[in-house]
Amino acid sequence: MTQPVQPSPSPQAGPGAAGPDLAAIKQRQQATWASGDFAVVGVTLQIVGELLAEATDVRAGERVLDVAAGNGNATLAAARRFARVTSTDYVPALLEKGRARAAAEGLAIDFREADAEALPFPDASFDVALSTFGVMFAPDQARAAAEIRRVVRPGGRIGMANWTPEGFIGQLFKAVGKHIAPPPGLASPLLWGNEDHVRQLFGADALQARITRRMFNFRYASPTHWVHVFRDYYGPLNRAFAALAPSAADALEQDLLALIDRFNTAGPDSMVAPAEYLEIVLTREAAGSLH
């Protein structure tokens, strides 16, 4: 999750090389995202889902798929626009959080446990597919991109929000990677925040892509408050701290505080850290262009 970002067409190893065990990596990822309680962090990102729904021009009655939906930010945004929404994730506990949010708003949404690399839907099932900071963590990037393309009809839209390697969250993963080595041979999820790499993944569908650099502001009471919330509730940091000896955990905390100090625009008594992400909107090409 935190290796250096170098664009490459595929996360697979070259001919004759033993590639990473993607199934085992995926199992560990599921356990990671199920640890803590991502929904505590996830709800703060709701504005990203709303902006993405607007950018993809989600309309009433359209069939919308939220891939790796987490606790449902893009799901709710699309449903609030009267779309017919299917929300998917491979962590059941996160789907339950999304289901509770939908029930509180009286929104009719279909929640389905599903792997982004093997979506259980026929070809061309949806008018729009969305993902906010979700599909970018799929171990097999080419396969995940192909699955999204497959289930969206020709002429339909694909919208994603992906953290950039240069931004606050990209640098967070880099800082964690100094203390916990990422799986060897696995392509970094931060590649999804690289425009050239996204164009490689989506081929003809990216020819007329609209790719915009946006900022999400993490707003917390203080840098220490942010660290405590993410350590307790954000799966990757929760697992990283749990895996480290006390002295190493203290060193990681100091690195995170130094990182926040670089990005914080609110001074020492509060925290506003702008985090860059790519907002990507693609239009599916006509039938026959799927590679």
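No experiment lies behind these values; they were computed from the predicted model shown. (Residues numbered from 1 in each chain as written. Predicted model: local features only at pLDDT ≥ 70, side-chain atom pairs only at ≥ 80, totals over all residues. Heavy atoms only, no water.)

**Q** Hey, could you go over the packing of helix α9 (residues 223-233) against helix α11 (residues 246-263) for me, with residue numbers and the actual values?
**A** Here α9 crosses α11 at 130 degrees, and the two axes come no closer than 10 Å. Here α9 lies oblique to α11, going by the angle between them. Note on packing geometry: the crossing formed by α9 with α11 is right-handed. Residues Pro223, Thr224, Trp226, Val227, His228 and Arg231 of α9 form the contact with α11, whose participating residues are Glu253, Leu256, Leu257 and Ile260. Among the residues forming the contact of α9 with α11, the class breakdown is six nonpolar, two polar and two charged. (Axes fitted to C-alpha atoms, helices over the stretch in contact; angles between N-to-C directions. Helix = DSSP H or I, 4+ residues; strand = E, 2+ residues; numbered from the N terminus. Parallel < 35°, antiparallel > 145°, perpendicular 65-115°, else oblique. Left-handed = near helix turned anticlockwise from the far one by under 90°. Contact = heavy atoms within 4.5 Å. Nonpolar A, V, L, I, M, F, W, Y, C, P; charged D, E, K, R; others polar.)

**Q** I'd like a rundown of the environment of proline 120, residues and numbers included.
**A** The residue proline 120 is located in the loop between β3 (110-113) and β4 (126-132) in this model. Its relative accessible area of 40% is what places proline 120 among the partly exposed residues. Measuring from C-alpha to C-alpha, the distance between proline 120 and glycine 72 comes to 19 Å, with 48 residues separating the pair along the chain. Ignoring anything within four residues of it in the chain, the contact list for proline 120 reads Arg112 and Ala114. (Buried < 20%, exposed > 50% of the residue type's maximum accessible area, 1.4 Å probe, protein only.)

**Q** Give me the lowdown on the UniProt feature "domain: Methyltransferase type" (unreviewed entry) in the chain, citing residues and values where you can.
**A** Residues annotated by UniProt as "domain: Methyltransferase type" (unreviewed entry) correspond here to residues 65-158. Taken end to end, residues 65-158 is 34% helix and 28% strand, and its two terminal C-alpha atoms sit 9 Å from one another. (UniProt positions renumbered as here; feature names shortened; annotations may be inferred.)

**Q** Before we move on, can you summarise the packing of aromatic side chains with the specific residues and values?
**A** Inspection of the entire model under this criterion finds 16 aromatic pairs. Judged by centre distance (5.8 Å) and plane angle (55 degrees), the ring pair of phenylalanine 168 and phenylalanine 218 falls under tilted. Residue phenylalanine 168 is found in helix α7 (residues 168-177), and its partner phenylalanine 218 is found in strand β6 (residues 210-220); the two are separated by 50 residues along the sequence. The exposure classification of phenylalanine 168 matches that of phenylalanine 218, with both residues buried. Plain terms: the ring middles of tyrosine 220 and phenylalanine 230 are 6.2 Å apart, the flat faces sit at 70 degrees to each other, and that makes the pair edge-to-face. With tyrosine 220 in strand β6 and phenylalanine 230 in helix α9, this pair connects stretches of sequence that are ten residues apart. No difference in accessibility class separates tyrosine 220 from phenylalanine 230, as the two residues are buried. The positively charged end of arginine 231 is found above the aromatic ring belonging to phenylalanine 241, 5.9 Å away from the centroid. (Phe/Tyr/Trp six-rings, centres within 6.5 Å; stacked < 30°, edge-to-face > 60°. Lys NZ or Arg CZ within 6 Å of the ring centre and 35° of its normal.)

**Q** For helix α8 (residues 195-202), give the residues involved together with the corresponding values.
**A** Within α8, burial applies to His197, Val198, Leu201 and Phe202. Buried positions in α8, seen along its axis, are confined to an arc of 120 degrees and lie on one side of it. Lining the buried residues of α8 we find α6 (141-151), β5 (152-163) and β7 (271-283). Backbone nitrogen of aspartate 196 and a side-chain oxygen of the N-cap are separated by 3.1 Å at the start of α8; the cap is asparagine 194. Just beyond α8, the residue with positive phi is glycine 203, at close to 50 degrees. (Arc of directions from axis to C-beta. Polar contact = N/O pair within 3.5 Å; in protein donor to acceptor, adjacent residues only side chain to side chain.)

**Q** I'd like a description of the nonpolar core, backed by residues and values.
**A** Membership of the largest hydrophobic core comes to 68 residues, with the highest contact counts inside it found for Trp163, Phe168, Phe202, Phe218 and Trp226. The element contributing the most residues to this core is β7, with seven residues. Formed by 17 residues, the second largest nonpolar core is a distinct cluster that contains Ala53, Ala74, Ala78 and Ala79. (Core = buried A, V, L, I, M, F, W, Y, C linked by side-chain atoms within 4.5 Å.)

**Q** Can you lay out the pairing of strand β2 (residues 84-89) for me, pointing to particular residues and giving the numbers?
**A** Most of β2 sits out of view: five of its six residues are buried. Of the crossover connections in this fold, the one passing from strand β1 (residues 63-66) over helix α4 (residues 73-79) to the parallel β2 is right-handed. Summarising the sheet, β2 and β3 pair through four bridges and their orientation is parallel. In the sheet register, threonine 88 faces β3, and the bridge partner there is arginine 112. (Right-handed = clockwise from strand over helix to strand, strands pointing away. Pairing = 2+ DSSP bridges.)

**Q** Before we move on, can you summarise the confidence of the model for the chain with the specific residues and values?
**A** Model confidence for the chain is summarised by a mean pLDDT of 91, while 92% of its residues fall at 70 or above. Note that pLDDT drops below 50 for residues 1-17; the model gives that stretch 43 contacts with residues more than four away or on any other chain. (pLDDT = per-residue confidence, 0-100.)

**Q** Could you give me a rundown of the sheet that holds β2, with the residues and numbers involved?
**A** What holds strands together in a sheet is hydrogen bonding between their backbones, with the strands either parallel or antiparallel. Reading across from one edge, β3-β2-β1-β4-β5-β7-β6 is the order of the seven strands in this open sheet, with mixed pairing throughout. Either end of the sheet is taken by a strand with one partner, and the two such strands are β3 and β6. Taken pair by pair, the neighbouring strands of this sheet meet at an average axis angle of 20 degrees, ignoring direction. Contacting β4, β5, β6 and β7, helix α3 (residues 46-55) runs over the sheet at an angle of about 25 degrees to β7.

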